[in-house]
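# Chains, contacts and geometry: an overview
Here is how the chains run, residue by residue.
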Amino acid sequence: MSIMTNDDNTFDGGCTCGAVRYRMETKPLFVHCCHCHWCQRETGSSYALNAMIEADRVTILGGKPEVVPTPTDSGKGQEIWRCPVCRVALWSNYAGADDRIHFVRVGTLDDASRLPPDIHIFTTSKQPWVHIPQGHAVVDECYDRKKYWPQDSLARRKRCLGLPD
């Protein structure tokens, strides 16, 4: 079941079984493709593709995801929001941004092609057969937000987290 809008700035998505549907009400702050071993293990894939967005800009259209506490390499943990029926991961919340920033799994969007990665991170643990196209931003581990994020995204993040200017 797909609920489509005509707005280029909204993104609808949901789980595999359709029990949970959501909408990202605006474009995300930033999209990163994480190649770390933890993301590989959690997704059962070669990377995780996450669209970071303010939690209050994600609207639940149907169903109710449930939170599953999950360990992370940092030891601070994350909360993975999953469909209670098919168990698909819809987004995560990490300790550093608590519940104010969602890391939406781009693959759960109705049209994931609309949000390609802005950067590839933790590429030192990238699978050797994954090829990143030339010209994409690539870093070995983490990155400096101020160097890569657009200014409007940095300002949105500050407002969301209540940080001083």
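Refer to the structure above for everything that follows.
Nothing here was measured: the structure is a model prediction, and the numbers come from that model.

## A closer look at the sheet that holds strand S5 (residues 58-62)
Read across the open sheet, the three strands follow the order S1-S2-S5; overall the sheet is antiparallel. Since the sheet does not close on itself, it has two edges, and those belong to strand S1 (11-14) and S5, each with one partner. Pairwise comparison of adjacent strand axes, ignoring direction, gives a mean angle of 25 degrees for this sheet. Taken together, the four bridges between S1 and strand S2 (residues 21-24) define a ladder with antiparallel strand orientation. Bridging from a neighbouring strand, Gly14 pairs with Arg21 of S2.

## As for the side chain of Arg105
Looking at where Arg105 falls in the secondary structure, it is placed in strand S9 (residues 101-105). Although Arg105 lies buried, it forms no salt bridge, and the closest oppositely charged side chain, Glu42, sits 4.4 Å away as judged by the N-O distance. Side chain to side chain, Arg105 and Ser92 meet in a polar contact 2.9 Å long. Not counting the four nearest positions on each side in its chain, Arg105 is found in contact with Tyr22, Glu42, Leu49, Asn50, Gln78, Ile80, Ala89, Leu90, Trp91 and Ser92.

## Description of the sheet that holds strand S3 (residues 30-34)
One open sheet holds the eight strands; their spatial order is S6-S7-S8-S9-S4-S3-S10-S11, and the pairing between them is mixed. The sheet is open, and its two edges are formed by strand S6 (66-70) and strand S11 (137-138), each paired on a single side. As defined by bridge partners, S3 adjoins strand S10 (residues 119-121) across three bridges and the pair is classed as parallel. The residue of S10 that forms the bridge with His32 is Ile119.

## Observations concerning unusual backbone geometry
With a phi angle near 70 degrees, Arg87 is a residue other than glycine that sits in the positive phi range. Despite not being glycine, Phe122 shows a phi value in the positive range, around 55 degrees. On the secondary structure map, Phe122 appears in the loop between S10 and S11.

## With respect to helix H3 (residues 151-161)
Of all the residues in H3, the buried ones are Ser153, Leu154, Arg156, Cys160 and Leu161. Looking down the long axis of H3, one finds its buried residues gathered within 160 degrees of arc, a one-sided arrangement. Exposed side chains of H3 directed beyond 90 degrees from the buried face belong to Gln151, Asp152 and Arg159. Looking at the buried side of H3, the elements it contacts are strand S4 (48-54), S9 and helix H2 (145-148). Just past H3, the residue Gly162 takes up positive phi, approximately 70 degrees.

## A closer look at the environment of Trp81
Note that Trp81 resides in strand S7 (residues 78-82). Assessed through its relative accessible area of 22%, Trp81 is described here as partly exposed. When sequence neighbours within four positions are dropped, the list of residues in contact with Trp81 reads Pro65, Glu66, Val67, Val88, Ala89, Leu90, Trp91 and Asn93.

Scoring rules and cut-offs
Residues numbered from 1 in each chain as written. Predicted model: local features only at pLDDT ≥ 70, side-chain atom pairs only at ≥ 80, totals over all residues. Heavy atoms only, no water. Pairing = 2+ DSSP bridges. Helix = DSSP H or I, 4+ residues; strand = E, 2+ residues; numbered from the N terminus. Axes fitted to C-alpha atoms, helices over the stretch in contact; angles between N-to-C directions. Buried < 20%, exposed > 50% of the residue type's maximum accessible area, 1.4 Å probe, protein only. Lys, Arg positive; Asp, Glu negative; His and termini not counted. Salt bridge = Lys/Arg side-chain N within 4 Å of Asp/Glu carboxyl O. Polar contact = N/O pair within 3.5 Å; in protein donor to acceptor, adjacent residues only side chain to side chain. Contact = heavy atoms within 4.5 Å. Arc of directions from axis to C-beta.

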